[in-house]
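Structural characterization, general
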Amino acid sequence: MARWCYRHRLVVLLLWVGALFGLGFAATTAGTDYANVFSLPNTDSKRAYDQMEKAFPDSAGDTDTVVWKVADGTVEDASVRDRIQPVLDEIAGMKGVGQVAGPYRGERGAAQISRDGTIAYAQITFAEQANAVPKELVQDVVDTAQGAERAGLQVELGGQAIQRVQEPPTGLAEMVGILAAAAVLFLAFGSLFAMLLPIGIAVFGVGTGLFSTQLLSHTTDIPDLAPLLATLIGLGVGIDYALFIVTRHRRGLLRGLESEESAVVALNTSGRAVLFAGGTVCIALAGMLVTNLRFLDGVVIGTSLTVVFSVLAATTLLPALLGVLGTRVLSRRQRRKLAERGPEPERASGAAARWSMSVQRRPRTIAALALAVMAVLALPVLSLRLGATDQGNDDGTTTTRQAYDLLAEGFGPGFNGPLQVVVTGGDTDALAKSIEGTPGVAAVAALPPAKGVTVIQVVPTTSPQSVKTDRLIDTLRDRVIPDAGASAHVGGVTAVSKDFATITGDRLPWFIATIIGLGFLLLLIAFRSLVVPLTAALMNLIAAAASFGVLVAVFQWGWGLDLLGLGKEGPINAFLPVIMLSLLFGLSMDYQVFLVSRMHEEWVHTKDNARAVRVGLAETGRVINSAALIMVCVFLAFVLSGDAGAAMAGVGLAAAVALDAFILRTALVPAAMHLLGDSNWWLPAWLDKRLPHLAVEPAEEPSKEAAPADGGASAVHGFVRDAEGEPVDGAVLTLLSKGGRQLDRVTSLADGSYIVSVPAPGTYLLSATARSYGARARHVVVTGEPLVHDVELVQGEVDADAVN
């Protein structure tokens, strides 16, 4: 497939461009129909909502609030009334505004003025829900209301529709994330074209995924949070997947492969790993379905679709673009060096090799330090409290936050989240009196009944996010309503948030068990080991605990919120653990696959666990860290999205990816694998026979000259050291046949280690040369098993065999 895409690159490119613009035109023409279906079956708040919907079907429009406060006098002064009432009348006359209920007219107007007379509010009911209200209309309402301000008169607005016009321009977060990723890619590659490739792949993957999701919103319920999260994950995995493949392609070019062969090898090795990794991400996202929350079904569709398109772009569009660019994916310096000096042997970078050697030398120390860091970061998770954010968590400079604070100041903290006790039977008056006498209740008001349903508005003395408000809801449900002998349900936004948090907490263990179990099974099949998947599962749990600890410290305790401009502390959004664990599991599996697949390949060749872990970390550590740094940049950029949920997810995922890649995958995992030794690759024989075989990253196809004989292939490996026993970095080792034909050529790593492949058992000549040293050669006899052969180089000493 890679070869076909490379040779028919213009056809592939035209197909992708046509798909992107075709889907974009169709989606733009059809528009959006996102639906925030928030159904919590078998909950008290859902029963209350169903009864209200039957009795009050016309109260569907979004209700927002205008709040004003005077510094001197009262809001009933003529000067204030004459300034505010005309503004309210003007807003009421706007097309798209249903009604405006102010404090200066109507029977209930007096209730909209605070006891001290300094704060009042008016309710604006739009004809549509918040997402459907035109932003131009909302902006006109905001400008008209705030136009009444003067010295000593403060006017603020709150509500869902108002909050929408405060959000930064659409695409700002995505653009910042892409620019940050571009900077990291340019530093990693040193080539403009190589930098643009992963970004282009991500744009095509995310674009087609989002347009498809937009079209699907007309056929199924997809929440408006889905495209935001799809962009978040799509940009991250799209850039990362292309980065892995482009890195492998550039390595092939530097080793002297033709551009087409290098692209085919890259797709047939790293491309397979990308397919496997993309599949694990989709499986992890699908794990959200076990929670049985309809709200998340649309999120699964949107995010999974974007990941699928990102994988398709990486495996079809990328080889076509590699064919268009040719060797220009290398920097000018690399192309010039390749032309002057010829191909260079494959070797890990010095820093990566030195770190890998350090991990091998001190595995216990490094493992203990990594565990200590993760444990400290995970401590705050013990005080995790799920709930829902509201406009009280907005930044203090926004009008919605100031309106929220003014209402709390004038009418009590519970006014921003009243409870609705929906009564369908029994003595309503007796129930209202019982509720009024309940500790924690500030005010009670029974609304006129309709169709046999009466709604009692209950204002708590505490804020919607307070633990005491949650206890009040439990008290009403468990004691007050049953004691009054009434048939009633407690609803309202605050009660819904509490029920959602409870359901999520109850179903979270099943969800975690599902995704951990699926991940264990996939890694078991891929790496033929019981210990590797068990280690991965444990690391996923450690990463989740530490990342949620960071979330609690930032968003629940308020550490650094002012610095980040993210408003006020509060509970963690109840839906975030499910979404974040899905994404974290999928992304950490990516890094585990790329890291361990290289280790497994080395283990298969040498059966030397220490070498397999050392070489695997040395050769993949840098690309994993680069990929993680890109992810962190993309996720942190979503702090600028203006959406509190997306900002919380961005910070949480950025912390999770950083901890996972920089501490777990490059320190704790390899240290643990060194300590576990050969048991890493243990699998009972009876289980090995029954498991299907899945090659995540197969070895490159050998040349015809190096084809193995009937005896099978093997290897020679060991260390190159000087007379003092110090490792020799950069020594060139060449394996020759009896006839002098070169069979393999490698360069020793920073620790002096090397490995050459042997096509078949027999006698060969192994030569070693290095700058500042002489040359040395020895005949080696290789059987069916890998041969350990250490080489000592002495300055000025040359073997005759090496010369001949």
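This one's a predicted model, so the numbers in the text were calculated from it and none came from an experiment. (Residues numbered from 1 in each chain as written. Predicted model: local features only at pLDDT ≥ 70, side-chain atom pairs only at ≥ 80, totals over all residues. Heavy atoms only, no water.)

Here we take up the packing of helix α4 (residues 78-92) against helix α5 (residues 135-146). Two quantities define a packed helix pair, namely the angle between the axes and the distance from one axis to the other. Contact pair α4 / α5: the axes reach a minimum separation of 9 Å and the direction vectors enclose 165 degrees. With respect to each other, α4 and α5 are oriented roughly antiparallel. Of the two possible hands of crossing, α4 and α5 adopt the one that is right-handed. Side by side, α4 and α5 meet where V87, E90 and I91 of the first sit next to V141, T144 and A145 of the second. Classifying every residue of the contact of α4 with α5 gives four nonpolar, one polar and one charged. (Axes fitted to C-alpha atoms, helices over the stretch in contact; angles between N-to-C directions. Helix = DSSP H or I, 4+ residues; strand = E, 2+ residues; numbered from the N terminus. Parallel < 35°, antiparallel > 145°, perpendicular 65-115°, else oblique. Left-handed = near helix turned anticlockwise from the far one by under 90°. Contact = heavy atoms within 4.5 Å. Nonpolar A, V, L, I, M, F, W, Y, C, P; charged D, E, K, R; others polar.)

Bringing a negative patch on the surface into the picture now. Judged by side-chain charge, E90, E136, D140 and D143 come together as a negatively charged surface patch. Of the residues forming the negative patch, the biggest block, three residues, is contributed by α5. In this fold, D143 is placed in helix α5. Under the relative-accessibility criterion, D143 is labelled partly exposed at 45%. (Patch = residues over 30% accessible without salt bridge, like charges linked within 9 Å, V, L, I, M, F, W, Y side chains within 5 Å. Areas by Shrake-Rupley, 256 points an atom, 1.4 Å probe, with all protein chains shown as cover. Salt bridge = Lys/Arg side-chain N within 4 Å of Asp/Glu carboxyl O. Lys, Arg positive; Asp, Glu negative; His and termini not counted. Charge placed at Lys NZ, Arg CZ, Asp CG, Glu CD. Buried < 20%, exposed > 50% of the residue type's maximum accessible area, 1.4 Å probe, protein only.)

Once that is clear, we can look at unusual backbone geometry. Positive phi, close to 55 degrees, is recorded for K451, a residue that is not glycine. When you line up the elements, K451 lands in the loop between β7 (441-446) and β8 (454-460).

Turning to a nonpolar patch on the surface, a few remarks are in order. A cluster of nonpolar side chains, namely F186, L192, F193 and L196, defines an oily patch on the protein surface of about 360 Å² accessible area. Structurally, F193 is set in helix α8 (residues 192-216).

Turning our attention to helix α12 (residues 332-341). Residues three or four positions apart in an α-helix share a direction because the helix packs 3.6 residues into each turn. Among the ten residues of α12, one are classified as buried, and the element is accordingly described as predominantly exposed. Note on α12: the residue one or two positions beyond its end, G342, has a positive phi of about 85 degrees.

The four strands are arranged β2-β3-β1-β4 in an open sheet whose pairing can be described as antiparallel. In the strand order of this sheet, the two ends are held by β2 (97-101) and β4 (153-158), each with one partner. Averaged over all pairs of adjacent strands, the angle between their axes in this sheet comes to 20 degrees, without regard to strand direction. Two elements, β2 and strand β3 (residues 119-126), share four bridges in a ladder whose sense is antiparallel. (Pairing = 2+ DSSP bridges.)

So, about the environment of L10. Relative to the helices and strands, L10 is located in helix α2 (residues 9-30). Remark: the alpha-carbon pair of L10 and L285, spanning 275 residues in sequence, is separated by 34 Å.

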